[in-house]
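So the chains spell out like this:
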Amino acid sequence: MKLQRKNRLRASALGALVVSGALVLTACGSDDNTKDSGSASGKPSAAAAGDIKCDGAKGKLLASGSSAQKNAIELWVKNYMAACSGVEVNYKSSSSGEGIVAFNQGTVGFAGSDSALKPEQVEESKKICTGGQGIDLPMVGGPIALGFNVAGVDKLNLDAATVANIFNDKIKKWDDEAIKKLNPGVTLPSTPIQAFHRSDDSGTTENLTKYLKAAAPDAWPHEAAKKWAAPGGQSASGSASVAAQVKQVDGAIGYFELSFASSQSIKTVDLNTGAAAPVAATGENASKAIAAAKVSGTGSDLALKLDYTTKADGAYPLVLVTYEVVCDKGNKAETLPTVKSFLNYTSSDAGQKVLLENGYAPIPAEINAKVREAVAALS
Amino acid sequence: MASTTPTPTDTAPPVSRSTGSTGRAGDKIFAGLSKGSGILLLVIMASIAVFLTYRAAIALSKNEGNFLTTFDWNASADPPVFGIAVLLFGTVVSSIIAMAIAVPIAVGIALFISHYAPRKLAAPLAYVVDLLAAVPSIIYGIWGALFLVPQLGGLNLWLDQYLGWTYVFEKTQIGVARSLFTVGILLAIMILPIVTSVSREVFLQVPRMNEEAALALGATRWEVIRMSVLPFGRSGVISASMLGLGRALGETMAVATVLSPSFLISLHVLNPGGGTFAQNIAAKFDEANEFGRDALIASGLVLFLLTLLVNGAARLIIARRKDFSGANA
């Protein structure tokens, strides 16, 4: 018995050592990764510090929501916290749906969402915003990239109908006639297409399906919604996981924000919109498409109506606009100064400039001017 | 060193029993304590059941779909439509796959450790297996997603080609191995330690006399195992499997990381898709509103009942076999 017990002790000590060693190693690994992805998606703009006004900001500000703007918010938070010491902004990137739920429960100072508040959500927000209601402030624009991973193919042009048929499980192989016709001179392999969509309720899904519904109504019979409706395909939770799957699997195609594609060097589809040449997914091209948007919200609510069928040269119509959802009146006293000063920075010229450097698109100037007014009027 | 000899341990229980009964106050306190904790456990279980039932009732009263047969989970929508058919199917199928893989392997390892391995090898081997239980499930999830899933592509093709005629292993949808089958393999690895270590303990408890009697009759080592060890250990192995099954049914993060969820039922276990109760709760909880959470709790209640049923069934099986096992000898 004694002997055995000794062995036992020794073995468990050894085991503990192995496990803790592994933990230390993994911890190092993840640290390195964040550093890498940070530098890959762009350096923080050096000019930022001087432009940030911290007046009155203090303590900890919680926020959560859309994973579409994750990379943009991370850079903003980095710049902002470097300029304003003693303030901590903590953005949990999950999904638009979750952000709005958290906002309406009053647990966050602001929420990020890829789609504007629905009437019933506005109604619900009145409980949290005493005397006011939740409003949408467009803050980050960006192209939704269609990332693909097909061995031997570097450039791919698709139009809305083909994209719809791919995600609808109608086109099953990469050397399908429809794809060949759009890509003369490209040798396409007969690899089966593996289409990845989001498994969680996502504003990115909603924007993609809105685009498909508007630009290819015949090929896309499903309603535009946050929840994926088409049969077949595979799913993953969050833009980052979809991008990781596309990166890993030969023959894959998936949709996510451009910043995820550039940080993992995933090739993206050029859209054949009917313009003179197929349009690449870039921040500039997305800006051109967003410039055609109209404000559809009332009062200080700045929800936008996007034009998905634009044929303008160099305008990439598969875009999304991420809103920051805040209370127009009745924000919590302890977070209001921080919310105001942070959103003031993100909507400033310096803040918007960060976007273009990182695969996102700035909000067009005249809309942005209204956003700044709305931020200044928050109470 | 004297304590390492087996004789004192054999006589130990009666000795300690006689010393324990000298203090009557101690007996009473101990009896009270054990009765108290037994009642406390029942109270906790009952209050969990009451809480789950109450919240579930709220959700079920407003459900527009059929809770048992709807292939959808739209609890936060207006009107709410949700059903557990896919989740129940996925939970049961992935657990069955896990059990089918894990139990034979675990029994094999346990027999090897208890009867075949040299002593020097047995102890470390036992601890390596036990260590598997200490690895958090999210680590299994990450390992599964990054290593297991890409590796299983080949196995899937092989199964499809040679066992495709079974329908179950026919692969009708192209895709990576993010399927219920992969989840089953991962769960099998996760429940291996508990099944192995309990089985090993049971196999070590086989009365020495039984084995020696068999050996004296000229049985080989395998015959000894077949005639005395396995019959004696059967009920123990069943309990061990049920403990493992409990873990497999409730596993959350590893499944959520490895599975490509979808609300479809398919017996083609190699196709991506499906879902389990725990995975669905983890995936939907964050973005669910108050009502959506009630709906998830309703699904949790079904998992709770499922676990109770499984444990009840296990008790029945064990009770029926107890007389033959020799455990009472």
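Residues numbered from 1 in each chain as written. Chains lettered and ligands numbered in written order. Predicted model: local features only at pLDDT ≥ 70, side-chain atom pairs only at ≥ 80, totals over all residues. Heavy atoms only, no water.

As annotated in an unreviewed UniProt entry, chain B is Phosphate transport system permease protein from Streptomyces subrutilus. Entered under Subcellular location (unreviewed entry) in the UniProt record, the comment concerning chain B runs "Cell membrane". (UniProt positions renumbered as here; feature names shortened; annotations may be inferred.)

As recorded in an unreviewed UniProt entry, chain A goes by Phosphate-binding protein and comes from Streptomyces subrutilus. Of chain A, the UniProt comment under Sequence similarities (unreviewed entry) reads exactly: "Belongs to the PstS family."

Undergrad: Summarise the overall build of chain A; cite the residues concerned and give the values.
TA: Assigned secondary structure in chain A consists of 14 helices and 13 strands. Residues classed as buried in chain A amount to 53% of the 379 residues present. Here the analysis covers contacts within chain A between residues at least 6 apart in sequence; of these, 75% occur between residues at least 24 apart. For chain A, the exposed surface amounts to about 16000 Å²; the carbon and sulfur share of it is 56%. (Helix = DSSP H or I, 4+ residues; strand = E, 2+ residues; numbered from the N terminus. Buried < 20%, exposed > 50% of the residue type's maximum accessible area, 1.4 Å probe, protein only. Contact = heavy atoms within 4.5 Å. Areas by Shrake-Rupley, 256 points an atom, 1.4 Å probe, with all protein chains shown as cover.)

Undergrad: Provide a residue-level description of the UniProt feature "transmembrane region" (unreviewed entry) in chain B, including the pertinent values.
TA: Residue and element names in this part refer to chain B. Under the UniProt annotation, "transmembrane region" (unreviewed entry) lies at residues 38-60, 80-113, 125-149, 179-199, 248-270 and 295-318. End-to-end, the C-alpha atoms of residues 38-60 are 32 Å apart, and along that stretch the chain is 100% helix and 0% strand. Taken end to end, residues 248-270 is 39% helix and 0% strand, and its two terminal C-alpha atoms sit 19 Å from one another.

Undergrad: Lay out the state of the cysteines with the relevant residues and their values.
TA: Residues and elements named next belong to chain A. Taken as a whole and assessed by the stated rule, the structure comprises 2 disulfides over all chains. Note that Cys54 is cross-linked by a disulfide to Cys84, the S-S spacing being 1.9 Å. Looking along the S-S bond of the Cys54-Cys84 disulfide, the torsion reads about -85°, which is the left-handed sense. In this pair, Cys54 sits in the loop between α2 (48-51) and β1 (59-65) while Cys84 sits in the loop between α3 (70-83) and β2 (87-93), placing the two residues 30 residues apart along the sequence. With relative accessibility at 2%, the residue Cys84 sits in the buried group. Across the disulfide from Cys129 sits Cys327; the S-S distance is 2.0 Å. Where Cys129 bonds to Cys327 through sulfur, the torsion about that S-S bond is close to -65°, and the disulfide is left-handed. Taken together, the residues Cys129 in the loop between α5 (119-128) and β4 (134-149) and Cys327 in strand β13 (residues 319-327) connect sequence positions 198 residues apart. Should the bonded cysteines of chain A be numbered as they appear in the sequence, the pairing reads 1-2, 3-4. (Disulfide = S-S within 2.5 Å.)

Undergrad: Quick rundown of the pattern of salt bridges? Include the residues and the values.
TA: For the coordinates displayed, the defined rule picks out 16 salt bridges over all chains. Taking the shortest distance from any N to any O, the salt bridge between Glu74 of chain A and Lys70 of chain A comes out at 3.6 Å. One end of the pair is Glu74 of chain A and the other is Lys70 of chain A, both in helix α3 and 4 residues apart, which spans about a single turn. Its relative accessible area of 44% is what places Glu74 of chain A among the partly exposed residues. Each member of the salt-bridge network shares a partner with another, and the members are Arg55, Glu290 and Asp294 of chain B. (Salt bridge = Lys/Arg side-chain N within 4 Å of Asp/Glu carboxyl O.)

Undergrad: So what's going on with a positive patch on the surface? Which residues, and what values?
TA: A cluster of like positive charges, contributed by Lys118, Lys210, Lys294 and Lys305 of chain A, occupies part of the molecular surface. Tracing the chain through its elements places Lys305 of chain A in strand β12 (residues 304-305). (Patch = residues over 30% accessible without salt bridge, like charges linked within 9 Å, V, L, I, M, F, W, Y side chains within 5 Å. Lys, Arg positive; Asp, Glu negative; His and termini not counted. Charge placed at Lys NZ, Arg CZ, Asp CG, Glu CD.)

Undergrad: Please set out the pairing of strand β3 (residues 110-113) of chain A residue by residue, giving values where relevant.
TA: Residue and element names in this part refer to chain A. Residues of β3 alternate between two faces, with Phe110 and Gly112 on one and Ala111 and Ser113 on the opposite face, all of them buried. Judged from the 3 bridges that link them, β3 and β13 form a sheet pairing that is antiparallel. If you follow Ser113 over to β13, its bridge partner there is Tyr323. (Pairing = 2+ DSSP bridges.)

Undergrad: So what's going on with a negative patch on the surface? Residues and values would help.
TA: Taken together, Glu120 and Glu124 of chain A together with Glu64 and Asp78 of chain B make up a surface patch of like negative charges. Tracing the chain through its elements places Glu124 of chain A in helix α5. Relative accessible area serves as the criterion here: at 35%, Glu124 of chain A is assigned to the partly exposed category.

Undergrad: Provide a residue-level description of the nonpolar core, including the pertinent values.
TA: Judged by nonpolar contacts, the single largest core of 136 residues is most densely connected at Leu146, Leu156, Ile179 and Ile253 of chain A together with Trp73 of chain B. Examining the composition of this core, we find that 13 residues originate from one element, helix α3 (residues 85-116) of chain B, more than from any other. The residue makeup of this core includes at least three contributed by each of domain 1 (2-141 + 325-376) and domain 2 (143-289) of chain A. (Core = buried A, V, L, I, M, F, W, Y, C linked by side-chain atoms within 4.5 Å. Domains from an automatic or database assignment.)

Undergrad: Could you give an account of the interface of chain B and chain A, with specific residues and numbers?
TA: At the interface, 24 residues of chain B touch 27 residues of chain A. For the pairing of chain B and chain A, the buried interface totals around 2200 Å² over both sides, and the portion due to carbon and sulfur atoms is 51%. Considering only the side of chain B, the residues that lose the most area to chain A are Tyr127, Ile174 and Glu287 of chain B, jointly responsible for 26% of the buried surface there. Summed over the shared surface of chain B and chain A, the number is 7 residue pairs in polar contact (both at pLDDT 80 or more). Of all the secondary structure elements, the ones that give two or more residues to the side of chain B that touches chain A are β1 (73-74), α4 (119-132) and α5 (137-163) of chain B. With 3 residues, the single largest contributor to the side of chain B that touches chain A is α5 of chain B. For the side of chain B that touches chain A, the class distribution of residues is 11 nonpolar, 7 polar and 6 charged. (Buried area = accessible area lost by both parts, 1.4 Å probe. Polar contact = N/O pair within 3.5 Å; in protein donor to acceptor, adjacent residues only side chain to side chain. Nonpolar A, V, L, I, M, F, W, Y, C, P; charged D, E, K, R; others polar.)

Undergrad: Describe in detail the confidence of the model for chain A, supporting the description with residues and values.
TA: The predicted coordinates should not be examined in detail at positions where pLDDT is low. All names here are of chain A. On average, residues of chain A score 84 in pLDDT, and 87% of them are at 70 or above. The lowest-confidence element of chain A is helix α1 (residues 2-40), averaging 46 in pLDDT; the highest-confidence one is strand β9 (residues 267-268), averaging 95. With pLDDT under 50 throughout, residues 23-48 is counted as low confidence; its partners more than four residues away or in other chains account for 14 contacts. (pLDDT = per-residue confidence, 0-100.)

Undergrad: Give a detailed account of the side chain of Ser115 of chain A, specifying residues and quantitative values.
TA: All names here are of chain A. Along the polypeptide, Ser115 turns up in the loop between β3 and α5. Among the polar contacts listed, one links the side chain of Ser115 to the side chain of Glu206, at a separation of 2.9 Å. Excluding residues within four positions of it along the chain, Ser115 makes contact with Ile100, Glu206, Lys226 and Tyr323.

Undergrad: Any chance you could break down the domain arrangement of chain A for me, citing the residues and the numbers?
TA: Residues and elements named next belong to chain A. Looking at the assigned domains, one finds that chain A contains domain 1 (2-141 + 325-376) and domain 2 (143-289). Taken residue by residue, the interface counts 17 residues in domain 1 and 19 residues in domain 2. Both sides of the domain 1 and domain 2 interface together cover about 1400 Å² of buried area, and 51% of this is carbon and sulfur. Along the contact surface separating domain 1 from domain 2 lie 0 salt bridges. For the pair domain 1 and domain 2, the number of links is 7 residue pairs in polar contact (both at pLDDT 80 or more). Per-element tally for the side of domain 1 that touches domain 2: the top contributor is helix α4 (residues 96-104), with 3 residues. Considering only residue class, the side of domain 1 that touches domain 2 consists of 7 nonpolar, 9 polar and 1 charged.

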